[in-house]
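Secondary and tertiary structure notes
Listed below, chain by chain, are the residues.
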Amino acid sequence: MKNYQKFAAVYDSIMDDSLYDQWTDFSLRHFPKKKKAKLLELACGTGIQSIRFKQAGFDVTGLDLSQDMLDLAAKRAKTVHVDIPFVQGNMLDLSSVGTFDYVTCYSDSICYMEDEVEVGDVFRQVYDHLNEGGIFIFDVHSTYQTDEAFPGYSYHENAEDFAMVWDTYEDEAPHSVVHELTFFIQDEDGRFTRYDEIHEERTYDLLTYDILLEQAGFKNAKVYADFEDKEPRDTSRRWFFVCEK
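Rules and cut-offs
Residues numbered from 1 in each chain as written. Predicted model: local features only at pLDDT ≥ 70, side-chain atom pairs only at ≥ 80, totals over all residues. Heavy atoms only, no water. Pairing = 2+ DSSP bridges. Helix = DSSP H or I, 4+ residues; strand = E, 2+ residues; numbered from the N terminus. Axes fitted to C-alpha atoms, helices over the stretch in contact; angles between N-to-C directions. Buried < 20%, exposed > 50% of the residue type's maximum accessible area, 1.4 Å probe, protein only. Right-handed = clockwise from strand over helix to strand, strands pointing away. Polar contact = N/O pair within 3.5 Å; in protein donor to acceptor, adjacent residues only side chain to side chain. Salt bridge = Lys/Arg side-chain N within 4 Å of Asp/Glu carboxyl O. Expected span 1.5 Å × (residues − 1). Contact = heavy atoms within 4.5 Å.

Here we come to the sheet that holds strand E3 (residues 86–88). Taken in spatial order, the 7 strands line up as E3-E2-E1-E4-E5-E11-E10 in an open sheet, and their pairing is mixed. Two strands in the sheet have a free side with no partner beyond their single neighbour: E3 and strand E10 (219–225). Strand after strand, the sheet turns through a mean of 15° between neighbouring axes, direction not considered. Pairing analysis gives 5 bridges linking strand E1 (residues 38–42) to strand E2 (residues 59–64), with the strands arranged parallel.

Counting buried positions over the 5 residues of E1 gives 4, a clear majority of the element. What joins E1 to E2 is helix H3 (residues 48–55), and the crossover it makes is right-handed. Sheet topology note: the E1/strand E4 (residues 100–105) ladder contains 4 bridges and is parallel. Within the sheet, the bridge partner assigned to Leu-42 lies in E4 and is Cys-105.

With that out of the way, let us pick up the environment of His-129. Summarising the element assignment, His-129 is placed in the loop between helix H5 (116–128) and strand E5 (130–141). At 3.0 Å, the side chain of His-129 forms a polar contact with the backbone oxygen of Leu-94.

All right, on to the sheet that holds strand E6 (residues 154–158) then. Within a sheet, each strand pairs with its neighbour through backbone hydrogen bonds, oriented either parallel or antiparallel. Ordered by their spatial adjacency, 4 strands build an open sheet running E6-E7-E8-E9, and the pairing between neighbours is antiparallel. Of all strands in the sheet, those bounded by a partner on one side alone are E6 and strand E9 (192–202). Taken pair by pair, the neighbouring strands of this sheet meet at an average axis angle of 10°, ignoring direction. With 9 bridges connecting them, strand E7 (residues 162–170) and strand E8 (residues 176–186) associate as antiparallel partners. Of the residues in E8, the one forming a bridge with Met-164 is Phe-183.

Counting across every chain of the model gives 10 salt bridges. One salt bridge in this structure joins Arg-238 and Asp-139, with 3.0 Å as the shortest N-O distance. In this pair, Arg-238 sits in strand E11 (residues 238–244) while Asp-139 sits in strand E5, placing the two residues 99 residues apart along the sequence. The same class applies to Arg-238 as to Asp-139, namely buried. Here Asp-196 makes a salt bridge to Arg-194, at a shortest N to O gap of 3.1 Å. A relative accessible area of 45% means that Asp-196 is categorised as partly exposed.

All right, on to the side chain of His-199 then. By secondary structure assignment, the location of His-199 is in strand E9. At 3.4 Å, the side chain of His-199 forms a polar contact with the side chain of Glu-197.

The next thing to look at is H5. Under the 1.5 Å per step criterion, the end-to-end length of H5 is 18 Å for 13 residues, consistent within 8% with the ideal 18 Å. The inward-facing, buried residues of H5 abut E1, E4, E5 and helix H7 (206–216). By the N-cap criterion, in which a side-chain oxygen at the helix start approaches the backbone nitrogen of a residue two or three places on, H5 is capped by Asp-115, the distance to Val-117 being 3.1 Å.

Even without being glycine, His-81 reaches a positive phi, approximately 60°. In this model, Asn-220 sits at a positive phi of 50°, which is unusual for a non-glycine residue.

Printed below as a string of structure tokens:
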């Protein structure tokens, strides 16, 4: 993983805002009804999802590797007058954050782990920091998404103060892709500066996730797809796991 640097500045403008509503709705359907539950959002980014959870009544902590993202998250929370602690940290080591009733990790953030050993390490960290009966929900790219849908994907955007080019290619490891992002961001003096980002993502088959979750100690891991309470199909793009401690 790396610092998102200037990516943080334009991250929100390229994210589909409706996704946050869908993540919130999915979570609320699968969390037990519990007042003032403590929720940890892993890879919280610029804080939009954390704020949705806070407004839904949870006691939220957000954790992210990127201080740039967290700075934006803190400003956003202040603007809407909610109090959320945002912690700079790595989901491979949650020793500093305490225990929670619920943990979420959305926007395929698990796919940024280097290999399945790291994925298993994250699952163990989450398990160790969940209260008994706690729920862990995360989403990942399906193998269909990495193998069929992503390779050759290209997205271009032109705005007044920035432009971006996003191209995705198949990577060497099974079910892995590389996103190459180039941004042109306008400085205060009106000139555009170029920034390049490389994002590598990898997913695994459903059985691998099931085994890693079981090894971490989770029971009753259920899998759904594409924000719906339905089982994955061959062409599902995003898998959702709901895991109970």
